[in-house]
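# Structural characterization, general
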Amino acid sequence: MKTFLKYFITLLGGFALGILSIALVFGVLISGFSSKIGDSATEELTEASILTMTLEGDIAERSTSNPISELLSASGNAESPIGLNDIINGLRKAEKDVNVKGIYLDCGSYAGGMATAEEIRNAILQFRKTGKPVTAYSGLYSELGYYIASACDKVICNPRGMLEIDGISSKFVMYKGLFDKLGVDFQVFRVGRFKSAVEPFTQTTMSEENRQQVTQYIKSLYEYQMGNIAMSRKLSKDTVWNIAMQGKAQRPADAKALGLIDALNYESDARNEAARACKLDSEKAKWFAFAKYAKDADPYPYSENKIAVIYAVGDILPGKQNPDEQIGSTSFIKTLHKAQNDPTIKAIVIRINSPGGSAYASDEMAHEIIACKKVKPVMISFGDVSASGGYYMGCVGDSIFALPNTITGSIGVFALLPNTQQLFGEKLGLNYETVELGELSAGWRPDRPLGEKERAVMQTMINEIYNDFLNTVAEGRNMSKSNVAALAEGRVYSAIDAKELHLIDDFGGINRAILAAARKSKITEYRVVSYPEQEDWLSQLLNKEEMAKTQWAMAAKASGLPIETIKEAEKIQHLVGPQYLLPWSVKMH
């Protein structure tokens, strides 16, 4: 009995301690959510102010919140992440706000996409037309961070800082060596000499065709970028190009001497400069966080007429997916039908930022876009990357708009099947026995490669899917199939080249597509609504995808690996069936 009581009391104490721990956790949750809810509304200015804008890391297409991550960092003073939608709308709001006297920008740590940087940069240039100054300051300017800053009235750098104006490179992670050690190789089926998404699994180095196309499109992208910097800094394009190619401006003093920055100062002095430019006293001026000011900003007046912007972001997969991370065909089609059947929505803009994915899912969505186009106008807006499956679903819209430094094209298809015979049979000692009725009944087996007849069937299917891709582009873009075939084969293009090839219609960001949608639907007054609707904080808290984001971050921190590498490795499980997909792990620097 004494032993029983001892264990019972221990158990009871443990239970009480668990209850207390849960109570403490919920206390933190409630406290954190209270602070978040208090900060969630758009804040208005009541006096002359300078907006302080910080752009760091990646920038999502639209502002989202991962409540778990936010709560884990609730004790800090970091600003909530802000999406491109709120940045653009916030700047438009600030243009007309008499209490906004200027902007103080820190974009040195920007690590987002090239087209996103372009869209932000264009919005800053538009804001400056009001006569309100924008002052940029940072201790270290990334390549694209400086590109954004070059649009400002004044660019200031810490005298002990650094500038990464040193050319452009594209980095690929090759996985073949890893899988060789595991005893796994891949059987490849593809169409297109330049369809290089399979190379990381089959080669340890890039093919000459892939190196050729990457060189072509990164040169096109960088020439455009250097040209804009030259224009903003009143330098010749050749001068800026040579500075970058020879890495002459990495030291702030050299960058100032070469005319790329205006001053070398510490942050307190830079803030004084910004205040003086706004004709305000630095100590008395009100400094207000742009992220709070711009949150949920809506520059459109109320109207019964609506234009729907449907966001399609991430890899393309069948079924239902988290719309802020992946494009699920079922989820997307449901959203599209909702906008299509709403009589108050007069036109639709589909914002695509995707390297592609499942061929089947891409075709499903393209089919529904074609049907929707018969009911109301459907404009397409490309983000940083809209290629392969992303291009497939977009090419059927009424018109396609992209920024000049968008990456697009990649009209090709592939399929990968792992051969784990060495891993399972020789290393793990597993033996598979199969009873088969029919020559092809066994299909893919983990213990052996496909036979010759099975490979022939698979390649025939890939050829047919590629032929469908060519036909879809030809019909969607009103081109001959032979012309599409000539520029296809998986080749990747910058939007600058894509426009010349008639793969897109015109240059412009999301607002350009919205304006085109309004004109085609013949409306002058409208407001913009975004789809799919974002979940409330409780639904997000219970969402397994939000949990996955936190798990990725924790895994990256524990392993020391970049979070992008963790995500890329996780994608392998989704390579099921034929794929319209860009090369993996492509990073621009």
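Here the structure is a predicted model, which means the values were calculated and not measured.

Calculation notes
- Residues numbered from 1 in each chain as written.
- Predicted model: local features only at pLDDT ≥ 70, side-chain atom pairs only at ≥ 80, totals over all residues.
- Heavy atoms only, no water.
- Helix = DSSP H or I, 4+ residues; strand = E, 2+ residues; numbered from the N terminus.
- Buried < 20%, exposed > 50% of the residue type's maximum accessible area, 1.4 Å probe, protein only.
- Areas by Shrake-Rupley, 256 points an atom, 1.4 Å probe, with all protein chains shown as cover.
- Patch = residues over 30% accessible without salt bridge, like charges linked within 9 Å, V, L, I, M, F, W, Y side chains within 5 Å.
- Salt bridge = Lys/Arg side-chain N within 4 Å of Asp/Glu carboxyl O.
- Core = buried A, V, L, I, M, F, W, Y, C linked by side-chain atoms within 4.5 Å.
- Phe/Tyr/Trp six-rings, centres within 6.5 Å; stacked < 30°, edge-to-face > 60°.
- Lys NZ or Arg CZ within 6 Å of the ring centre and 35° of its normal.
- Axes fitted to C-alpha atoms, helices over the stretch in contact; angles between N-to-C directions.
- Parallel < 35°, antiparallel > 145°, perpendicular 65-115°, else oblique.
- Contact = heavy atoms within 4.5 Å.
- Nonpolar A, V, L, I, M, F, W, Y, C, P; charged D, E, K, R; others polar.
- Pairing = 2+ DSSP bridges.
- Right-handed = clockwise from strand over helix to strand, strands pointing away.
- Lys, Arg positive; Asp, Glu negative; His and termini not counted.
- Charge placed at Lys NZ, Arg CZ, Asp CG, Glu CD.

## Details of the overall build of the protein
Along the backbone of the protein there are 23 helices and 22 strands. Expressed as a percentage of the 589 residues in the protein, the buried residues total 50%. With the model as given, the accessible surface of the protein reaches about 27,700 Å², and the carbon-plus-sulfur share is 55%.

## Focus on a nonpolar patch on the surface
A cluster of nonpolar side chains, namely Leu 428, Leu 430 and Tyr 432, defines an oily patch on the protein surface of about 280 Å² accessible area. You can see Leu 430 is positioned in the loop between α16 (421-427) and α17 (452-476).

## Section: the nonpolar core
Formed by 61 residues in total, the largest nonpolar core has its most connected members in Leu 51, Leu 55, Leu 91, Leu 105, Ile 124, Tyr 146 and Ile 148. Looking at this core, the element that brings in the most residues is helix α8 (residues 208-233), giving eight residues. Within the second largest apolar cluster, 55 residues are counted, among which are Ile 310, Val 413, Tyr 466 and Val 473.

## What to know about unusual backbone geometry
For the bond running from Tyr 531 to Pro 532, omega is -5°, close enough to zero to count as cis. Take Pro 532: it is sitting in the loop between β20 (527-531) and α21 (537-541). Here the phi dihedral of Lys 279 falls at roughly 60°; this positive angle occurs in a residue that is not glycine. Within the element layout of this structure, Lys 279 appears in the loop between α11 (267-277) and β8 (286-289). Residue classification places Lys 279 among the exposed residues on the basis of a relative accessible area of 77%. Phi angles above zero are rare outside glycine, and Glu 489 is one such case at about 60°. Its location among the elements puts Glu 489 in the loop between α18 (481-487) and β18 (492-494). With a relative accessible area of 29%, Glu 489 lands in the partly exposed category.

## Looking at the packing of aromatic side chains
Overall, the coordinates contain ten aromatic pairs when judged by the stated rule. Members of the aromatic cluster, each reached through a chain of ring pairs, are Tyr 175, Phe 179, Phe 186 and Phe 201. One cation-aromatic arrangement involves Lys 93 over Tyr 293; the distance from NZ or CZ to the ring centre is 4.2 Å. Above the plane of the ring of Tyr 104 lies Arg 271, whose end atom (NZ or CZ) is 5.3 Å from the centre.

## Observations concerning the packing of helix α13 (residues 329-341) against helix α14 (residues 359-373)
Interaxial distance between α13 and α14 falls to 9 Å at its minimum, and their mutual angle equals 5°. The pairing of α13 with α14 is recorded here as roughly parallel in orientation. Of α14, the residues touching α13 (which contributes Ser 329, Phe 332, Ile 333, Leu 336, His 337 and Gln 340) are Ala 361, Glu 364, Met 365, Glu 368, Ile 369 and Cys 372. Residue composition of the contact of α13 with α14, by class: seven nonpolar, three polar and two charged.

## A word on the pairing of strand β17 (residues 413-419)
Put simply, side chains in a regular strand alternate between the two faces of the sheet. Most of β17 sits inside the fold, with six of its seven residues counted as buried. Bridge analysis of strand β6 (residues 185-191) against β17 gives seven bridges, and the strand direction is antiparallel. Counterpart to Phe 186 in the pairing with β17 is Pro 418.

## Topic: the sheet that holds strand β7 (residues 263-264)
One open sheet accounts for six strands, arranged β7-β4-β3-β2-β1-β8; its pairing is parallel. Whereas interior strands pair on both sides, the edge strands pair on one side only; in this sheet they are β7 and β8. Bridging between strand β3 (residues 134-141) and strand β4 (residues 154-163) involves six bridges; their strand directions are parallel. Within the sheet, the bridge partner assigned to Tyr 141 lies in β4 and is Leu 163.

## Considerations on the side chain of Arg 477
Counting through the fold element by element, Arg 477 comes out in the loop between α17 and α18. Leaving out residues up to four positions away in the same chain, Arg 477 has contacts with Tyr 391, Cys 395, Ile 400, His 502, Leu 503, Ile 504 and Asp 505.

## Observations regarding the pattern of salt bridges
All chains considered together, the criterion is met by 13 salt bridges. Across the pair Asp 153 and Arg 128 runs a salt bridge whose closest N-O atoms are separated by 3.2 Å. Taken together, the residues Asp 153 in the loop between α5 (143-149) and β4 and Arg 128 in helix α4 (residues 114-128) connect sequence positions 25 residues apart. Accessibility expressed as a relative area gives 38% for Asp 153, which makes it partly exposed. The exposure class assigned to Arg 128 is partly exposed, which follows from its relative accessible area of 29%. Asp 254 serves as the salt-bridge partner of Arg 251, at 2.9 Å between the closest nitrogen and oxygen. One network of salt bridges, in which partners are shared, links Glu 61, Glu 119 and Arg 351.

## Some thoughts on the pairing of strand β2 (residues 100-106)
Summarising burial for β2: five of the seven residues are buried, a large majority. Across three bridges, β2 lies against β3 in parallel orientation. The residue of β3 that forms the bridge with Ile 103 is Val 134. On the question of chirality, the crossover connecting β2 to the parallel β3 by way of α4 is right-handed.

## So, a negative patch on the surface
Side chains of Asp 363, Glu 364, Glu 464 and Asp 468 sit close together on the surface and give a patch of like negative charge. Listing elements by their share of the negative patch, those giving two or more residues are α14 and α17. Relative to the helices and strands, Asp 468 resides in helix α17.

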